[in-house]
Amino acid sequence: MAKRDLPTGLVSQLFQNTGSSSFTDFVSAYAPELLPRRDEVLATPIGDQVPHATTIVAATFAGGVVMAGDRRATSGNIISQRDVEKVFRTDDYSCMGIAGTASTGIEMARLYRVELEHYEKLEGRTMSVKGKANRLATMIRGNLAMAMQGLVVVPLFAAYDPDRDEGRIFSYDVAGGPYERERFDAIGSGSIFARGALKKLYREGASADDITMVLIQALYDAADDDSATGGPDMTRKIFPIVSLIDADGFRRLTDEQVSGYVRQMLDERLISPDGPIAPLR
Amino acid sequence: MSMPFGYASPEQIMRDKADYARKGIARGRSVVVLQYVDGILFVAPNPSRALHKISEIYDRIGFAAVGRYNEFEELRLGGIRYADINGYSYDRSDVTGRGLANLYASNLGRIFTESIKSLEVEVVVAEVGDGPEGDAIYRLTFDGSVFDEHGFAAMGGQADAVLGRLKEHYRESMSLSDALEVALKALTEPGGERPPVEQLEVAVLDRNREHRKFKRLAGAQLDRLLASAPPPAEEPPAAESDEKPPPTGPDGPVDDGSSPL
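Residues numbered from 1 in each chain as written. Chains lettered and ligands numbered in written order. Predicted model: local features only at pLDDT ≥ 70, side-chain atom pairs only at ≥ 80, totals over all residues.

- Within an unreviewed UniProt entry, the label attached to chain A reads Proteasome subunit beta, and the organism entered is Nonomuraea harbinensis.
- Recorded in UniProt under Function (unreviewed entry), the annotation for chain A is "Component of the proteasome core, a large protease complex with broad specificity involved in protein degradation."
- Listed in UniProt under the heading Catalytic activity (unreviewed entry), the comment for chain A reads: "Cleavage of peptide bonds with very broad specificity." (UniProt positions renumbered as here; feature names shortened; annotations may be inferred.)

Shown next, in the form of structure tokens:
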């Protein structure tokens, strides 16, 4: 039994209470080699040689939050993947999107999911939204040394807060955070353009349906002006990933649902290529 | 040759430890675990709302225990650490109920033989599969024995009597409300009072759920489920008095830990 490829000392120590409900703390005490190394020194920064994930947008609606991400990953000027997924479910009421180094971000999302679930199972309660956001900040800060060498990863975190019955959005920088955002936010290389679109299109108290359309429009505007952000790929049927969280929990929209929004948007853009025009006054 | 004072044979020591553990386990109330059409149902009469006897270990794995709370709570926490670290090292699908049952068995067995006091616990590790044939219910006793149960398991309290009633009413592929009814029948002594709804801890491993299969049933949801169950058949009043017999260990040959599965 002791030979189940478990790290040395785990079986004998397994029943010991570490005094913390954090999975990361537990792993770093018993099997530190399983955690990503955050203190290595690379001979040369490798920023441009590994795939990068790009634009993520999120916005709240009445009673929840929607997050969407494009599907492109780039290495320098090469498109390394057309259908990468960078919006992840982290528990039943939260999700995160990643921008920056794709591999580091995916690994972080995987660890973060276990972290939230581990706490929930040990403590018998769900972590508060603020607690979840703080926990993610600690992980980002841990990656700072690698970020300085080009392996930057910056997430966007969105959750439904059952105490307030509303969606909340938190953003981060390379050194941590969190910064709570009202209404909407965008991260990644196309975020400047996406944020511009969001600013004009966001409606206070809009429905989930309308907000999803706002995000699809914002992503299209980002792809329009940023080469690292991918637009919807109609020929290959690759559409943005859209995740919605409300009182019923997390759900990811199906490709059919997203393609409905995308087609409607494209039809309108055939007439007005720059998208909906916001009223001037 | 005279015996040194205080000598006890290994057989005697094992027997004493086993008796001690059995008495401790029989003191509490029973827990019932059984298969239904969509997965596995756990039912435990439990007056406490905070101290759970049933809990989630991993995506497909649930845990139920009877005996001393602090001891099975340690087992539960250890199991969650084991499952999460394996799922993180490999893949979420690589965490199995069998692996967890083996881990518990080796630890329970070691504690039983090496410690002065064995753990006064009995646990069930249940795993839900994609279909009923993939379901597994493992029952582990205080000495580290593992029993691969088919369809249902009962432990704690008057376990033998509960198991007898469970065996009598259990059918394969029951609906959830039928399975709950069978569990409550098994947990109720003939002619006795049913455990009140607010003192029931009920959970399922539902194979139709996404991601995490474990779900607690409480409040309005549980009320609806109980209301949809067929009304309990009139049971003949028990001949003996309502007074509960004093808790004792179940009868049967003494388990010295040497018996096979």
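1. A closer look at the overall build of chain B
Then step 1. When its secondary structure is counted, chain B shows six helices and 10 strands.
Then step 2. Considering chain B as a whole, with its 261 residues, one finds that 44% of them fall into the buried category.
Then step 3. Relative to all contacts within chain B whose residues are 6 or more apart in sequence, the contacts with residues 24 or more apart total 69%. (Helix = DSSP H or I, 4+ residues; strand = E, 2+ residues; numbered from the N terminus. Buried ≥ 20, exposed ≤ 12 C-beta atoms within 10 Å, placed from the backbone. Contact = placed C-beta atoms within 7 Å.)

2. A short note on the overall build of chain A
Then step 1. Secondary structure assignment for chain A yields eight helices and 13 strands.
Then step 2. Relative to the globule expectation of 19 Å for 281 residues, the C-alpha radius of gyration of chain A, 20 Å, shows essentially globular dimensions.
Then step 3. In terms of overall dimensions, chain A has C-alpha extents of about 70 × 45 × 35 Å along its principal axes.
Then step 4. Residues counted as buried form 44% of the 281 residues belonging to chain A.
Then step 5. Within chain A, counting contacts between residues at least 6 apart in sequence, those at least 24 apart form 66% of the total. (Rg over C-alpha atoms; globule rule 2.2 N^0.38 Å.)

3. Considerations on unusual backbone geometry
All names here are of chain A.
Then step 1. Here the amide bond leading from G177 into P178 is cis, since omega sits at -5 degrees, within 30 degrees of zero.
Then step 2. If you trace the backbone, P178 turns up in strand 10 (residues 176–181).
Then step 3. The phi dihedral of D165 falls on the positive side, at around 55 degrees, and the residue is not glycine.
Then step 4. With respect to the helices and strands, D165 occurs in the loop between strand 8 (153–161) and strand 9 (166–173).

4. With respect to the sheet that holds strand 3 (residues 64–69) of chain A
Residues and elements named next belong to chain A.
Then step 1. Ordered by their spatial adjacency, five strands build an open sheet running 11-2-3-12-13, and the pairing between neighbours is antiparallel. A strand with exactly one partner marks an edge of an open sheet, and here the two such strands are strand 11 (184–187) and strand 13 (249–252). Here the strands of the sheet are splayed against their neighbours by 15 degrees on average, with no regard to which way each runs.
Then step 2. Looking at chain direction, strand 2 (residues 56–61) and strand 3 are connected through six bridges and run antiparallel. Bridged to A58 within strand 3 is M67.
Then step 3. On top of the sheet, helix 6 (residues 191–201) reaches strand 2 and strand 11; it is set at about 160 degrees to strand 11, its chief contact. (Pairing = 2+ DSSP bridges. Axes fitted to C-alpha atoms, helices over the stretch in contact; angles between N-to-C directions.)

5. Description of the packing of helix 6 of chain A against helix 7 (residues 208–225) of chain A
Residues and elements named next belong to chain A.
Then step 1. Packing of helix 6 against helix 7 leaves a shortest axis separation of 8 Å and a crossing angle of 145 degrees. The handedness of the crossing between helix 6 and helix 7 is right-handed. For the pair helix 6 and helix 7, the contacting residues are F193, A194, A197, L198 and L201 in the first and V214, Q217, A218, L219, D221, A222 and D225 in the second.
Then step 2. Counted by class, the contact of helix 6 with helix 7 contains nine nonpolar, one polar and two charged residues. (Left-handed = near helix turned anticlockwise from the far one by under 90°. Nonpolar A, V, L, I, M, F, W, Y, C, P; charged D, E, K, R; others polar.)

6. Here we look at the UniProt feature "active site" (unreviewed entry) in chain A
Residue and element names in this part refer to chain A.
Then step 1. Sequence positions flagged by UniProt for "active site" (unreviewed entry) are, in local numbering, T54.
Then step 2. Residue placement: T54 occurs in the loop between strand 1 (52–53) and strand 2.
Then step 3. For T54, the residues in contact, after removing those within four places along its chain, are D70, R72, T74, A99, G188, S189, G190, A228 and T229.

7. A look at the pairing of strand 3 (residues 54–58) of chain B
Then step 1. Among the five residues of strand 3 of chain B, five are classified as buried, and the element is accordingly described as predominantly covered.
Then step 2. Hairpin connection, strand 3 of chain B to strand 4 (residues 61–67) of chain B: the antiparallel pair is bridged by two residues.

8. A word on the interface of chain A and chain B
Then step 1. With 16 residues of chain A at the contact, the number on the chain B side is 18 residues.
Then step 2. Listed by contribution, the elements that provide at least two residues to the side of chain A that touches chain B are helix 2 (23–30) and helix 3 (102–123) of chain A.
Then step 3. Broken down by element, the residue count for the side of chain A that touches chain B peaks at five residues, all from helix 3 of chain A.
Then step 4. Grouping the amino acids of the side of chain A that touches chain B by side-chain chemistry returns 11 nonpolar, three polar and two charged.

9. Structural notes on the sheet that holds strand 2 (residues 39–45) of chain B
Residues and elements named next belong to chain B.
Then step 1. With respect to topology, five strands assemble into an open sheet ordered 8-1-2-9-10, the strand pairing being antiparallel. Unpaired on one side and paired on the other, strand 8 (152–155) and strand 10 (214–217) mark the two borders of the sheet. In this sheet, neighbouring strand axes are inclined to one another by 15 degrees on average, regardless of whether the strands run parallel or antiparallel.
Then step 2. One ladder, built from five bridges, connects strand 1 (residues 31–36) with strand 2; its direction is antiparallel. In the sheet register, Y36 faces strand 2, and the bridge partner there is G39.
Then step 3. Most of the contacts of helix 5 (residues 176–187) go to strand 2, to which it runs at about 35 degrees, and overall it touches strand 1, strand 2, strand 8 and strand 9 (200–206).

10. A closer look at the pairing of strand 8 of chain A
Residue and element names in this part refer to chain A.
Then step 1. Across the nine residues of strand 8, eight count as buried, placing the element largely inside the fold.
Then step 2. Taken together, the six bridges between strand 8 and strand 9 define a ladder with antiparallel strand orientation. If you follow L156 over to strand 9, its bridge partner there is S171.
Then step 3. In this structure, the hairpin formed by strand 8 and strand 9 is closed by a connection of four residues, where D165 is found at a positive phi of approximately 55 degrees.

11. Regarding the confidence of the model for chain B
Residues and elements named next belong to chain B.
Then step 1. Per-residue confidence for chain B gives a mean pLDDT of 84, with 86% of residues at or over 70.
Then step 2. Contacts of residues 234–261 to residues separated by more than four positions or lying in other chains number 31 contacts, the stretch itself having pLDDT below 50.
Then step 3. ipTM for the predicted complex: 0.81, alongside a pTM of 0.83. (pLDDT = per-residue confidence, 0-100.)

12. A closer look at helix 3 (residues 97–114) of chain B
Count 3.6 residues to each turn of an α-helix, and residues three or four apart come out pointing the same way.
Then step 1. When the terminal C-alpha atoms of helix 3 of chain B are compared, their 26 Å separation across 18 residues agrees well with the 26 Å that a helix rising 1.5 Å per residue should span.
Then step 2. Looking only at helix 3 of chain B, the buried set comprises B:G97, B:L100, B:A101, B:L103, B:Y104, B:A105, B:N107, B:L108, B:G109 and B:F112. (Expected span 1.5 Å × (residues − 1).)

13. Remarks on the packing of helix 3 of chain A against helix 2 (residues 69–89) of chain B
Then step 1. Contact pair helix 3 of chain A / helix 2 of chain B: the axes reach a minimum separation of 11 Å and the direction vectors enclose 170 degrees. The angle between helix 3 of chain A and helix 2 of chain B falls in the class roughly antiparallel. Within the contact between the two elements, helix 3 of chain A uses A:L111, A:V114, A:H118, A:K121 and A:L122 and helix 2 of chain B uses B:L77, B:I80, B:D84, B:G87 and B:Y88.
Then step 2. When its residues are assigned to classes, the contact of helix 3 of chain A with helix 2 of chain B shows six nonpolar, two polar and two charged. (Parallel < 35°, antiparallel > 145°, perpendicular 65-115°, else oblique.)

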